[in-house]
Amino acid sequence: MHAFRGRPPPDVSEKEKGDTGSQLGEDADTLHPSDSVSNRNFYGHAQVHEGPRPNIRTELKKDDAYDELPFSYSKSTKWMILTVVFLIQTSMNFNTSLYSNGLTGISEEFGIRLQEARWGAAIFLITYAFGCELWAPWSEEFGRKKVLQTSLFLVNIWCIPVALAPNFATILVGRALGGLSCAGGSVTLGMIADMYEPADQQVAVSFIVFSSVGGSVLGPIVGGFVETYLDWRWCIWIQLLFGGFVQFLHLLLVPETRCTIHLDRIAKKRRKSGMAPNLYGPNELCPFRQRFSWKEVIKKWGRPFRMFVTEPIVLTLSLLSGFSDALIFMQIQSFVLVYNQWGFSKIQLGLAFVPIGLGYLIAWLSFLPVFKRNKRARDLKPHSEHAQYESRLWWLLWTAPCLPIGLIIFAWTCSGPPIHWIGTMVGSTMIGIANYSIYMATIDYMICAYGPYSASATGGNGWARDFLAGVLTVPATPFVSNIGGTRHLEIANTILFAISLLLVAAIYITYIYGPTLRKKSKYAQKLAKNTTLDEFGRSRPPSQISDRDQLCL
């Protein structure tokens, strides 16, 4: 149940301070414009005004309807929703990578070079990076279900002109619009915020992160069979079939989870029944234009990019996460060069991505006991900043080195016979372990470190992953082919190894000097000033989960 239940009333000095969340100011990601202390009692609940003030409108708060909100869904219902979300996220990332298996067919049919054909993959990823950010505010205003259904519908629609394309320009336009239509993690991670309290989110977040990275390697695995037995256009038709299937599942099985939407519905129901004629939901009390002006929307859209540039923690961890993810898409383009040396067929080439997926699975399973360890550490040391924040990076200290280790193994076993190909797959597995771990741990740390600003912080992380992956997709093959002479494969991957060493070192710097870096962050300092303690004496920021506008606190 809610962390504040059972707490004694605050003293006078605490009442004078008002609501801690509202002190964060207009920049907070989690506050509703109508959220104020004027309609609250000592517990933060809505007050029903009696007597001579019958026309006073009272806002329905989260605590007053907690048992009717998605936080109180049964465990089976939550995991049913998460499973559908898992498939949706997988399908979106599946779209980013399956296209590459149609490159040869596209090149031959439209008379273009393979290098030009790769722009269809790159442009989807680049626009996907911006699409995730552009969709976010709308899901908080109109609800997760409507926005996600619209997004899935548009993504599926844009598959059709690509599959029927009479020329390559049509493919580029369709892929660009398809990427821009993807809501991605901005909505799916927001749904986790709708159903789980901050202390209980790690397992759910790790599950959805697994689907995000897993979809990227599922594409080439399936694509090897498609490329062997079907025309290149089937790479697009299969995306459409998968996308249509998950859209139908979402429509049929997943209810609306947005907290403010539920509160509006509950308030209307109570007014209609006569229980509380002056009770209104948060969106009913605040006019649409006031809470959703274009000025405010642009401000929210720009904050992830502003934090990406100005916040050292966000910049460092996002670059690390983005570089790690970009490696996967670079490898998709370069695996042909590597495994052709051993005479791999197209199907075998696709199956060469299984070790990366295996690495993702190993990393995901390894985090489950780590979450329990981390929770014990936070409970035992409620006043320790290190326990509350940097301890979330502890497992990454052990798994992040798998990135340079995997790259150097891959680099010096990818030169072909007489070296056996199994060495490259060992390296790929280690890269997969590192890629998942970096994404999961950096998101978890940012959610905690930036509290109500975590939507913008993690938004910068997601943007970096997709944007860097898209930008580096096109130059990947020329880079691997033309650098280092006869040893071009080994030299190219050794360069990537050297870059990864610098980025991985940043994790240890953040782990050691995290408190110092947070003190230099205006966002983290705003959060620290408004941090309270829960009934167990643990540090509790106003909000610890990402949500672009508000989390219905």
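On a predicted model such as this, the values are computed, not experimentally measured, just so you know. Every residue gets a number counted from 1 within its own chain, in the order that chain's sequence is written. The predicted origin of the model limits local features to residues at a pLDDT of at least 70 and limits the giving and counting of side-chain atom pairs to 80 or more, whereas totals for whole chains, interfaces and linings rest on all residues. Only hydrogens and water are set aside; all other atoms, that is, all heavy atoms of the structure, feed into the side-chain values.

## So, the overall build of the chain
Every helix listed is a DSSP run of H or I at least four residues long, and every strand listed is a run of E at least two residues long, numbered separately from the N terminus. Of the regular secondary structure elements, the chain holds 24 helices and four strands. By definition in these notes, contact holds between two residues if any of their heavy atoms fall within 4.5 Å. Across the chain, contacts joining residues at least 24 apart in sequence account for 80% of those joining residues at least 6 apart. Methods summary: accessible areas were calculated by the Shrake-Rupley approach with a probe of 1.4 Å, and residue burial reflects only the protein chains presented. Only carbon and sulfur atoms are counted for the fraction: they give 66% of the accessible area of the chain, which is about 22000 Å².

## A few points about helix H21 (residues 422–450)
Its 29 residues give H21 an end-to-end C-alpha distance of 42 Å, which sits within 8% of 42 Å, the value for a rise of 1.5 Å per residue. Of all 29 residues in H21, 27 are buried, a share of seventy percent or more. Expected span of a helix, by definition, is 1.5 Å for each gap between consecutive residues, and there is one gap fewer than residues. Each residue is assigned to one of three classes by its accessible area relative to the maximum for its type, calculated with a 1.4 Å probe on protein chains only: buried under 20%, partly exposed between the two thresholds, exposed over 50%.

## With respect to helix H23 (residues 488–519)
The end-to-end C-alpha distance of H23, which contains 32 residues, comes to 45 Å, matching closely the 46 Å that a straight helix rising 1.5 Å per residue would cover. To get the bend at a given residue, fit one axis to the seven residues ending there, fit another to the seven starting there, and take the angle between those axes. At Tyr513, H23 shows its maximal kink, close to 80°; a proline, Pro515, follows between one and four residues later.

## Some points on the confidence of the model for the chain
Averaged over every residue, the pLDDT of the chain is 81; residues scoring 70 or more account for 83%. Counting interchain partners and residues more than four positions distant, the pLDDT-below-50 stretch residues 1–52 has 122 contacts. How sure the predictor is of each residue is captured by pLDDT, a score from 0 to 100. Counting interchain partners and residues more than four positions distant, the pLDDT-below-50 stretch residues 532–553 has 102 contacts.

## A look at the packing of helix H5 (residues 119–142) against helix H6 (residues 144–163)
In helix packing, the relevant descriptors are the interaxial angle and the interaxial distance, both defined with respect to the helix axes. To get an axis, a line is fitted to the C-alpha atoms, and for a helix only the part in contact is used. The angle between two axes follows their N-to-C directions and goes from 0 to 180 degrees. Across the interface, H5 lies against H6 with an axial gap of 6 Å and an inter-helix angle of 135°. The orientation of H5 with respect to H6, classified from their angle, is oblique. Seen from H5, the contacting residues are Trp135, Trp138, Ser139, Glu140 and Phe142; seen from H6, they are Arg144, Lys146, Val147, Thr150, Ser151 and Leu154. Among the residues forming the contact of H5 with H6, the class breakdown is five nonpolar, three polar and three charged. Angular relationships are summarised with four words: roughly parallel below 35 degrees, roughly antiparallel beyond 145, roughly perpendicular across 65 to 115, and oblique for the angles in between. We call Asp, Glu, Lys and Arg charged. Ala, Val, Leu, Ile, Met, Phe, Trp, Tyr, Cys and Pro are nonpolar, and the rest, Gly among them, are polar.

## Examining the packing of aromatic side chains
We call Phe, Tyr and Trp rings a pair once their centres come within 6.5 Å, taking the six-membered ring for Trp, and we label the pair stacked below 30 degrees between planes, edge-to-face above 60, and tilted otherwise. Counted according to the given criterion, the structure contains 26 aromatic pairs. Between the aromatic rings of Phe305 and Trp463, the centroid separation amounts to 5.5 Å while the plane-to-plane angle is 90°, which identifies the pairing as edge-to-face. Highlighted residues: Phe305 in helix H14 (residues 294–310) and Trp463 in helix H22 (residues 454–482), separated in sequence by 158 residues. Residue classification places Phe305 among the partly exposed positions, given a relative accessible area of 27%. Both a distance and an angle decide whether a charge sits over a ring: NZ of Lys or CZ of Arg must be within 6 Å of the ring centre and within 35 degrees of the ring normal. The positively charged end of Lys78 is found above the aromatic ring belonging to Tyr196, 4.6 Å away from the centroid.

## Digging into the side chain of Gln89
Here Gln89 lies in helix H2 (residues 75–98). Exposure remark for Gln89: the relative accessible area of 3% places this residue in the buried category.

## Some words on a nonpolar patch on the surface
On the surface, Phe225, Tyr229, Leu230, Trp234, Leu241, Leu351 and Val354 cluster together into a nonpolar patch covering about 700 Å² of accessible area. The set of elements that each furnish at least two residues to the nonpolar patch consists of helix H9 (202–229) and helix H10 (234–253). Here Phe225 is to be found in helix H9. With a relative accessible area of 39%, Phe225 lands in the partly exposed category. Each patch groups residues whose relative accessible area exceeds 30% and which form no salt bridge, using 9 Å between like charges and 5 Å between nonpolar side chains of Val, Leu, Ile, Met, Phe, Trp and Tyr. Salt bridges are counted wherever a side-chain nitrogen of Lys or Arg sits within 4 Å of a carboxyl oxygen of Asp or Glu.

## A word on the pattern of salt bridges
Overall, the coordinates contain eleven salt bridges when judged by the stated rule. In this structure, the salt-bridge partner of Lys62 is Glu197, at a minimum N-O distance of 3.2 Å. Taken together, the residues span a long stretch of sequence, with Lys62 in the loop between strand S1 (58–59) and H2 and Glu197 in the loop between helix H8 (185–195) and H9 at a distance of 135 residues. Here Lys62 and Glu197 have matching classes, each one buried. Here Lys346 ties to Glu227 by a salt bridge, and the two come within 3.9 Å at their closest N and O atoms. Of this pair, Lys346 sits in helix H16 (residues 346–351) while Glu227 is found in helix H9, placing the two residues 119 residues apart along the sequence. Judged by its relative accessible area of 41%, Lys346 falls in the partly exposed class. Of the residues examined, Glu227 reaches a relative accessible area of 21% and is grouped as partly exposed.

## Concerning the environment of Leu240
Within the element layout of this structure, Leu240 appears in helix H10. Note: C-alpha distance between Leu240 and Ser91 (149 residues apart in sequence) is 9.4 Å. Among residues more than four places away in sequence, those in contact with Leu240 are Asn156, Cys159 and Ile160.

## A word on the environment of Arg270
Take Arg270: it is sitting in helix H11 (residues 259–273). Separated by ten residues in sequence, Arg270 and Tyr280 place their C-alpha atoms 9.0 Å apart. Apart from the residues within four sequence positions on either side, Arg270 is in contact with Leu60, Asp64, Ala65, Glu68, Met275, Ala276 and Leu279.

## Structural notes on the packing of H5 against helix H7 (residues 168–180)
Taken N-terminus to C-terminus, the directions of H5 and H7 make an angle of 25°; their axes are 6 Å apart at the nearest point. When the axes of H5 and H7 are compared, the pair comes out roughly parallel. Here H5 and H7 pass one another in a crossing that is right-handed. Touching Trp119, Gly120, Ala121, Ile123, Phe124, Thr127, Tyr128, Phe130, Gly131, Leu134 and Trp135 of H5 are Phe168, Leu172, Arg175, Ala176, Gly178, Gly179 and Leu180, all from H7. By residue class, the composition of the contact of H5 with H7 is twelve nonpolar, five polar and one charged. Helix crossings are classified by the rotation of the near helix relative to the far one: an anticlockwise turn of less than a right angle makes the crossing left-handed, while a clockwise turn makes it right-handed.

## Quick look at the nonpolar core
Counting 103 residues, the largest nonpolar core has Tyr339, Leu403 and Tyr436 as the members making the most contacts within it. No other element matches the 17 residues that H21 contributes to this core. Note that the domain bounds were set by an automatic or database domain assignment. Split by domain, this core shows at least three residues from each of two domains, domain 1 (58–292) and domain 2 (304–521). Each nonpolar core is a collection of buried residues, namely Ala, Val, Leu, Ile, Met, Phe, Trp, Tyr and Cys, held together in the definition by side-chain atoms within 4.5 Å. The next biggest cluster of nonpolar side chains, apart from the first, holds 16 residues, and it includes Ala121, Ala163, Trp232 and Ile236.

## A look at the state of the cysteines
Here, a disulfide means two cysteine sulfur atoms that sit within 2.5 Å of each other. Applying the stated rule across the entire model yields zero disulfides. The thiol of Cys182 is not disulfide-bonded; the next cysteine sulfur, from Cys132, is found 6.8 Å away. By relative accessible area, Cys182 is classed as buried at 0%.

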